[in-house]
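# Survey of secondary and tertiary structure
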Amino acid sequence: ISQESSYSNQDLRNGFGFQKYLTTPVLLVLILLLATALRFYDLASESYWIDEIYTVIESQQSIHQLLTSGRLDQPPAYYLPFYVWIRVFGTDEVSTRSFSALTGIGSIILIYLIGQELFGKTVGLLSAFIMTISAFQIYFSQESRYYIYFEFMALLSFLFFILAFRRKRIIYFVLYVVASILMVYSHAFGIFILAAQILFILLQAKNFRELMVTWLICEALILLALIPYFSPLIFGASVSESIMTQGSRTFPVPSLREL
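Position of Ala188 relative to the elements: it lies in the loop between helix H10 (170-184) and helix H11 (190-203). Taking the relative accessible area as the measure of exposure, Ala188 reaches 14% and is therefore buried. Taking the C-alpha atoms as reference points, Ala188 and Gln74, 114 residues apart in sequence, are found 9.6 Å from one another. Non-local contacts of Ala188, meaning those with residues more than four positions away in its chain, are made with Leu72, Tyr229 and Phe230.

Pasting the structure below:
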(Lines give C-alpha, C1' and ligand atoms only; values in the text may rest on other atoms or scores of the structure.)
Protein backbone atom coordinates (compact mmCIF):
# COMPACT_ATOMS: atom_id res chain seq x y z
CA ILE A 1 0.00 0.00 0.00
CA SER A 2 2.84 2.38 0.88
CA GLN A 3 4.52 1.60 -2.44
CA GLU A 4 1.32 2.32 -4.36
CA SER A 5 0.81 5.57 -2.46
CA SER A 6 4.39 6.67 -3.21
CA TYR A 7 3.79 6.01 -6.91
CA SER A 8 0.56 7.96 -6.68
CA ASN A 9 2.25 10.95 -5.05
CA GLN A 10 5.02 10.88 -7.63
CA ASP A 11 2.45 10.74 -10.43
CA LEU A 12 0.68 13.74 -8.96
CA ARG A 13 3.92 15.71 -8.77
CA ASN A 14 4.71 14.81 -12.39
CA GLY A 15 1.21 15.58 -13.60
CA PHE A 16 0.66 11.91 -14.59
CA GLY A 17 3.06 12.39 -17.48
CA PHE A 18 1.11 15.22 -19.10
CA GLN A 19 3.29 18.01 -17.70
CA LYS A 20 6.02 17.49 -20.29
CA TYR A 21 3.48 18.05 -23.07
CA LEU A 22 2.15 21.32 -21.63
CA THR A 23 4.76 23.52 -23.25
CA THR A 24 4.23 27.23 -23.76
CA PRO A 25 3.06 26.87 -27.40
CA VAL A 26 0.59 24.13 -26.40
CA LEU A 27 -0.81 26.21 -23.53
CA LEU A 28 -1.12 29.25 -25.78
CA VAL A 29 -2.99 27.20 -28.39
CA LEU A 30 -5.36 25.89 -25.70
CA ILE A 31 -6.00 29.44 -24.49
CA LEU A 32 -6.72 30.60 -28.05
CA LEU A 33 -9.10 27.68 -28.61
CA LEU A 34 -10.97 28.64 -25.45
CA ALA A 35 -11.00 32.28 -26.57
CA THR A 36 -12.40 31.27 -29.96
CA ALA A 37 -15.15 29.19 -28.37
CA LEU A 38 -16.15 31.96 -25.96
CA ARG A 39 -16.20 34.67 -28.64
CA PHE A 40 -18.03 32.75 -31.35
CA TYR A 41 -20.51 31.02 -29.05
CA ASP A 42 -24.08 32.18 -29.68
CA LEU A 43 -22.81 35.09 -31.78
CA ALA A 44 -26.20 35.74 -33.39
CA SER A 45 -28.36 35.22 -30.32
CA GLU A 46 -29.33 38.90 -30.27
CA SER A 47 -30.25 41.14 -33.17
CA TYR A 48 -28.38 44.36 -33.87
CA TRP A 49 -28.70 47.15 -31.37
CA ILE A 50 -28.75 50.78 -32.49
CA ASP A 51 -24.99 51.46 -32.56
CA GLU A 52 -24.32 48.27 -34.51
CA ILE A 53 -26.94 49.35 -37.04
CA TYR A 54 -25.11 52.65 -37.43
CA THR A 55 -21.85 50.76 -38.00
CA VAL A 56 -23.31 48.61 -40.76
CA ILE A 57 -25.10 51.54 -42.40
CA GLU A 58 -22.06 53.81 -42.33
CA SER A 59 -19.89 51.07 -43.79
CA GLN A 60 -22.10 51.15 -46.90
CA GLN A 61 -20.47 54.45 -47.91
CA SER A 62 -17.86 54.64 -50.61
CA ILE A 63 -14.17 54.55 -49.73
CA HIS A 64 -13.92 58.23 -50.66
CA GLN A 65 -16.72 59.10 -48.23
CA LEU A 66 -15.14 57.04 -45.46
CA LEU A 67 -11.83 58.84 -45.92
CA THR A 68 -13.25 62.35 -46.17
CA SER A 69 -16.12 62.30 -43.69
CA GLY A 70 -14.15 64.39 -41.19
CA ARG A 71 -15.93 62.65 -38.29
CA LEU A 72 -14.00 61.52 -35.24
CA ASP A 73 -16.74 58.99 -34.47
CA GLN A 74 -16.23 57.31 -37.84
CA PRO A 75 -12.57 56.20 -37.64
CA PRO A 76 -11.31 55.26 -41.11
CA ALA A 77 -8.76 52.71 -39.87
CA TYR A 78 -11.70 50.63 -38.64
CA TYR A 79 -14.27 51.32 -41.32
CA LEU A 80 -11.99 50.62 -44.28
CA PRO A 81 -11.17 46.99 -43.34
CA PHE A 82 -14.76 46.55 -42.14
CA TYR A 83 -15.93 47.89 -45.54
CA VAL A 84 -13.96 45.10 -47.25
CA TRP A 85 -15.09 42.50 -44.70
CA ILE A 86 -18.83 42.98 -45.18
CA ARG A 87 -18.48 42.90 -48.96
CA VAL A 88 -16.87 39.49 -48.69
CA PHE A 89 -18.91 37.96 -45.85
CA GLY A 90 -22.15 39.95 -45.83
CA THR A 91 -24.01 42.08 -43.27
CA ASP A 92 -25.78 39.52 -41.07
CA GLU A 93 -25.03 39.43 -37.35
CA VAL A 94 -22.60 36.50 -37.46
CA SER A 95 -20.62 37.92 -40.38
CA THR A 96 -20.13 41.42 -38.98
CA ARG A 97 -19.54 40.33 -35.38
CA SER A 98 -16.99 37.75 -36.54
CA PHE A 99 -14.74 40.66 -37.51
CA SER A 100 -14.70 41.81 -33.88
CA ALA A 101 -14.37 38.26 -32.57
CA LEU A 102 -11.26 37.60 -34.65
CA THR A 103 -9.82 40.95 -33.64
CA GLY A 104 -10.43 40.06 -30.00
CA ILE A 105 -8.54 36.78 -30.46
CA GLY A 106 -5.71 38.73 -32.06
CA SER A 107 -5.60 40.98 -28.99
CA ILE A 108 -5.01 37.92 -26.81
CA ILE A 109 -1.97 37.00 -28.90
CA LEU A 110 -0.66 40.55 -28.57
CA ILE A 111 -1.12 40.68 -24.79
CA TYR A 112 0.80 37.40 -24.54
CA LEU A 113 3.67 38.81 -26.61
CA ILE A 114 3.77 42.00 -24.52
CA GLY A 115 3.68 40.07 -21.24
CA GLN A 116 6.38 37.70 -22.46
CA GLU A 117 8.60 40.56 -23.58
CA LEU A 118 8.27 42.48 -20.30
CA PHE A 119 8.02 39.77 -17.65
CA GLY A 120 8.46 36.33 -19.24
CA LYS A 121 6.35 33.52 -20.66
CA THR A 122 4.44 32.76 -17.46
CA VAL A 123 3.11 36.31 -17.15
CA GLY A 124 2.36 36.34 -20.88
CA LEU A 125 0.27 33.17 -20.62
CA LEU A 126 -1.49 34.39 -17.47
CA SER A 127 -2.31 37.71 -19.15
CA ALA A 128 -3.65 35.91 -22.22
CA PHE A 129 -5.80 33.62 -20.06
CA ILE A 130 -7.26 36.48 -18.03
CA MET A 131 -8.13 38.36 -21.21
CA THR A 132 -9.66 35.18 -22.65
CA ILE A 133 -12.17 34.70 -19.82
CA SER A 134 -12.85 38.41 -19.18
CA ALA A 135 -16.57 39.10 -19.57
CA PHE A 136 -15.73 42.65 -20.68
CA GLN A 137 -13.47 41.37 -23.45
CA ILE A 138 -15.96 38.74 -24.60
CA TYR A 139 -18.80 41.26 -24.71
CA PHE A 140 -16.99 43.75 -26.93
CA SER A 141 -15.58 40.95 -29.10
CA GLN A 142 -19.18 40.08 -29.98
CA GLU A 143 -20.22 43.58 -30.98
CA SER A 144 -20.01 45.21 -34.42
CA ARG A 145 -18.29 48.32 -33.15
CA TYR A 146 -14.73 49.62 -33.29
CA TYR A 147 -13.85 49.31 -29.59
CA ILE A 148 -12.09 45.93 -29.66
CA TYR A 149 -10.37 46.89 -32.92
CA PHE A 150 -9.00 49.98 -31.18
CA GLU A 151 -7.73 47.78 -28.36
CA PHE A 152 -5.96 45.56 -30.89
CA MET A 153 -4.24 48.56 -32.47
CA ALA A 154 -3.29 50.00 -29.08
CA LEU A 155 -1.67 46.71 -28.08
CA LEU A 156 0.11 46.57 -31.42
CA SER A 157 1.46 50.08 -30.87
CA PHE A 158 2.68 49.16 -27.39
CA LEU A 159 4.30 45.95 -28.63
CA PHE A 160 6.37 47.74 -31.27
CA PHE A 161 7.04 50.58 -28.83
CA ILE A 162 8.59 48.08 -26.40
CA LEU A 163 10.48 46.19 -29.10
CA ALA A 164 11.85 49.40 -30.64
CA PHE A 165 13.50 50.55 -27.41
CA ARG A 166 14.60 47.07 -26.34
CA ARG A 167 15.92 45.71 -29.64
CA LYS A 168 16.99 49.13 -31.00
CA ARG A 169 16.25 48.21 -34.62
CA ILE A 170 14.90 50.62 -37.20
CA ILE A 171 12.28 48.16 -38.44
CA TYR A 172 10.55 48.23 -35.05
CA PHE A 173 10.49 52.03 -35.03
CA VAL A 174 8.91 51.97 -38.48
CA LEU A 175 6.30 49.45 -37.37
CA TYR A 176 5.66 51.53 -34.25
CA VAL A 177 4.94 54.59 -36.40
CA VAL A 178 2.51 52.66 -38.61
CA ALA A 179 0.75 50.96 -35.68
CA SER A 180 0.43 54.23 -33.74
CA ILE A 181 -1.10 56.06 -36.70
CA LEU A 182 -3.60 53.23 -37.19
CA MET A 183 -4.32 53.24 -33.46
CA VAL A 184 -5.36 56.89 -33.41
CA TYR A 185 -7.25 56.51 -36.69
CA SER A 186 -9.13 53.63 -35.03
CA HIS A 187 -10.33 55.80 -32.15
CA ALA A 188 -9.60 59.41 -31.27
CA PHE A 189 -8.75 58.37 -27.69
CA GLY A 190 -5.59 56.80 -29.10
CA ILE A 191 -4.03 60.26 -28.77
CA PHE A 192 -3.98 59.74 -24.97
CA ILE A 193 -2.13 56.44 -25.33
CA LEU A 194 0.35 58.18 -27.61
CA ALA A 195 0.74 60.91 -24.98
CA ALA A 196 1.44 58.28 -22.29
CA GLN A 197 4.17 56.75 -24.45
CA ILE A 198 5.72 60.17 -25.03
CA LEU A 199 5.61 60.96 -21.30
CA PHE A 200 7.32 57.68 -20.46
CA ILE A 201 10.23 58.36 -22.84
CA LEU A 202 10.60 61.92 -21.58
CA LEU A 203 10.83 60.65 -18.00
CA GLN A 204 13.32 57.97 -19.05
CA ALA A 205 15.27 60.14 -21.51
CA LYS A 206 18.62 59.55 -19.82
CA ASN A 207 18.28 55.79 -20.48
CA PHE A 208 17.56 56.25 -24.19
CA ARG A 209 19.88 59.07 -25.21
CA GLU A 210 21.23 57.24 -28.26
CA LEU A 211 17.68 56.69 -29.54
CA MET A 212 16.22 60.14 -28.90
CA VAL A 213 16.74 61.48 -32.42
CA THR A 214 15.13 58.42 -33.98
CA TRP A 215 12.24 58.63 -31.53
CA LEU A 216 11.68 62.35 -32.17
CA ILE A 217 11.53 61.69 -35.93
CA CYS A 218 8.98 58.92 -35.32
CA GLU A 219 6.78 61.14 -33.17
CA ALA A 220 6.97 63.96 -35.71
CA LEU A 221 5.84 61.59 -38.48
CA ILE A 222 2.97 60.31 -36.35
CA LEU A 223 1.76 63.81 -35.45
CA LEU A 224 1.96 64.96 -39.07
CA ALA A 225 -0.10 61.94 -40.16
CA LEU A 226 -2.77 62.78 -37.57
CA ILE A 227 -3.37 66.35 -38.74
CA PRO A 228 -6.03 65.39 -41.35
CA TYR A 229 -7.96 63.41 -38.73
CA PHE A 230 -8.01 66.20 -36.16
CA SER A 231 -8.28 69.09 -38.61
CA PRO A 232 -12.01 69.65 -37.80
CA LEU A 233 -10.99 70.35 -34.20
CA ILE A 234 -7.97 72.44 -35.18
CA PHE A 235 -9.41 74.48 -38.04
CA GLY A 236 -13.13 74.29 -37.32
CA ALA A 237 -15.93 72.01 -38.46
CA SER A 238 -16.99 73.93 -41.56
CA VAL A 239 -14.89 71.86 -43.93
CA SER A 240 -16.02 68.53 -42.51
CA GLU A 241 -19.67 69.65 -42.43
CA SER A 242 -19.43 70.58 -46.11
CA ILE A 243 -18.01 67.18 -46.94
CA MET A 244 -20.67 65.39 -44.89
CA THR A 245 -23.45 67.41 -46.55
CA GLN A 246 -22.18 66.56 -50.01
CA GLY A 247 -21.70 62.94 -49.05
CA SER A 248 -25.19 62.59 -47.65
CA ARG A 249 -26.70 63.35 -51.06
CA THR A 250 -25.16 60.22 -52.51
CA PHE A 251 -25.12 58.07 -49.40
CA PRO A 252 -27.55 55.16 -49.84
CA VAL A 253 -29.09 54.30 -46.48
CA PRO A 254 -30.38 50.70 -46.52
CA SER A 255 -33.48 49.73 -44.61
CA LEU A 256 -33.30 47.38 -41.67
CA ARG A 257 -34.81 44.65 -43.80
CA GLU A 258 -32.00 45.07 -46.33
CA LEU A 259 -29.46 44.68 -43.52
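Attention shifts here to helix H7 (residues 121-133). The end-to-end C-alpha distance of H7 is 19 Å, a good match for the 18 Å that 13 residues give at a rise of 1.5 Å each. Taken together, the buried positions of H7 are occupied by Gly124, Leu125, Ala128, Met131 and Thr132. Buried residues of H7, seen end-on, are gathered within an arc of 130° and therefore sit on one face of the element. Exposed positions of H7 whose direction lies more than 90 degrees from the buried face are Thr122 and Leu126. Among the structural elements, helix H2 (24-40), helix H6 (93-119), helix H8 (135-140) and helix H9 (147-167) are those in contact with the buried residues of H7.

Next up on the list: the packing of H2 against H6. Taken N-terminus to C-terminus, the directions of H2 and H6 make an angle of 155°; their axes are 10 Å apart at the nearest point. Between H2 and H6, the angle falls in the class roughly antiparallel. The chirality of how H2 crosses H6 is right-handed. Where H2 approaches H6, its residues Thr24, Leu28, Ile31, Leu32, Ala35, Thr36, Arg39 and Phe40 are matched on the opposing element by Ser98, Ala101, Leu102, Gly104, Ile105, Ile108, Ile109 and Tyr112. Taken together, the residues that form the contact of H2 with H6 break down as 11 nonpolar, four polar and one charged.

Moving on: unusual backbone geometry. At Asp42, a position not held by glycine, the phi torsion is positive, near 55°. Positionally, Asp42 belongs in the loop between H2 and helix H3 (50-58). Residue classification places Asp42 among the partly exposed positions, given a relative accessible area of 45%. One non-glycine residue, Lys168, lies in positive phi territory at about 55°.

Core analysis: the largest hydrophobic core is formed by 58 residues, its most contacted members being Phe165 and Met183. Examining the composition of this core, we find that 13 residues originate from one element, H9, more than from any other. Here Met183 is in contact with Phe150, Met153, Ala154, Ser157, Gly190, Ile193 and Leu194, once residues within four sequence places are set aside.

A few words now on the packing of H10 against H11. Here H10 crosses H11 at 145°, and the two axes come no closer than 8 Å. Where H10 approaches H11, its residues Tyr176, Ser180, Met183 and Val184 are matched on the opposing element by Gly190, Ile191, Ile193, Leu194 and Gln197. Of the residues in the contact of H10 with H11, the class split is six nonpolar, three polar and no charged.

A few words on the packing of aromatic side chains. The full count for this structure, using the stated rule, is 21 aromatic pairs. Between Tyr78 and Phe82 the ring centres are 5.3 Å apart and the planes differ by 15°, which places this aromatic pair in the stacked class. Within this pair, Tyr78 and its partner Phe82 are both found in helix H5 (residues 76-89), separated by four residues, close to a single helical turn. When sorted by exposure, Tyr78 lands in the same class as Phe82, which is buried. Taking 5.9 Å as the distance between ring centres and 70° as the angle between the ring planes, the aromatic pair formed by Tyr78 and Tyr146 counts as edge-to-face. Within this pair, whereas Tyr78 is found in helix H5, its partner Tyr146 is found in the loop between H8 and H9, the two being separated by 68 residues in sequence.

Inspection of every chain in the model, using the stated rule, returns four salt bridges. Here Glu52 ties to Arg97 by a salt bridge, and the two come within 2.9 Å at their closest N and O atoms. In this pair, Glu52 is assigned in helix H3 and Arg97 in helix H6, connecting sequence segments 45 residues apart. Each member of the pair, Glu52 together with Arg97, is buried. Measuring nitrogen to oxygen at the nearest pair gives 2.8 Å for the salt bridge that ties Glu117 to Arg167.

All right, on to the side chain of Arg145 then. Residue position: Arg145 is located in the loop between H8 and H9. Among buried Asp, Glu, Lys and Arg side chains, Arg145 stands out as unpaired, with Asp51 the closest opposite charge at 4.2 Å. A polar contact of 3.2 Å, which involves the side chain of Arg145, links it to the backbone oxygen of Asp51. Those residues in contact with Arg145 that lie beyond four places of it in its chain are Asp51, Glu52, Thr55, Tyr78, Tyr79 and Ser100.

About the criteria used
Residues numbered from 1 in each chain as written. Predicted model: local features only at pLDDT ≥ 70, side-chain atom pairs only at ≥ 80, totals over all residues. Heavy atoms only, no water. Helix = DSSP H or I, 4+ residues; strand = E, 2+ residues; numbered from the N terminus. Buried < 20%, exposed > 50% of the residue type's maximum accessible area, 1.4 Å probe, protein only. Contact = heavy atoms within 4.5 Å. Expected span 1.5 Å × (residues − 1). Arc of directions from axis to C-beta. Axes fitted to C-alpha atoms, helices over the stretch in contact; angles between N-to-C directions. Parallel < 35°, antiparallel > 145°, perpendicular 65-115°, else oblique. Left-handed = near helix turned anticlockwise from the far one by under 90°. Nonpolar A, V, L, I, M, F, W, Y, C, P; charged D, E, K, R; others polar. Core = buried A, V, L, I, M, F, W, Y, C linked by side-chain atoms within 4.5 Å. Phe/Tyr/Trp six-rings, centres within 6.5 Å; stacked < 30°, edge-to-face > 60°. Salt bridge = Lys/Arg side-chain N within 4 Å of Asp/Glu carboxyl O. Lys, Arg positive; Asp, Glu negative; His and termini not counted. Polar contact = N/O pair within 3.5 Å; in protein donor to acceptor, adjacent residues only side chain to side chain.

Everything listed is a geometric property; what it means functionally is a separate question.
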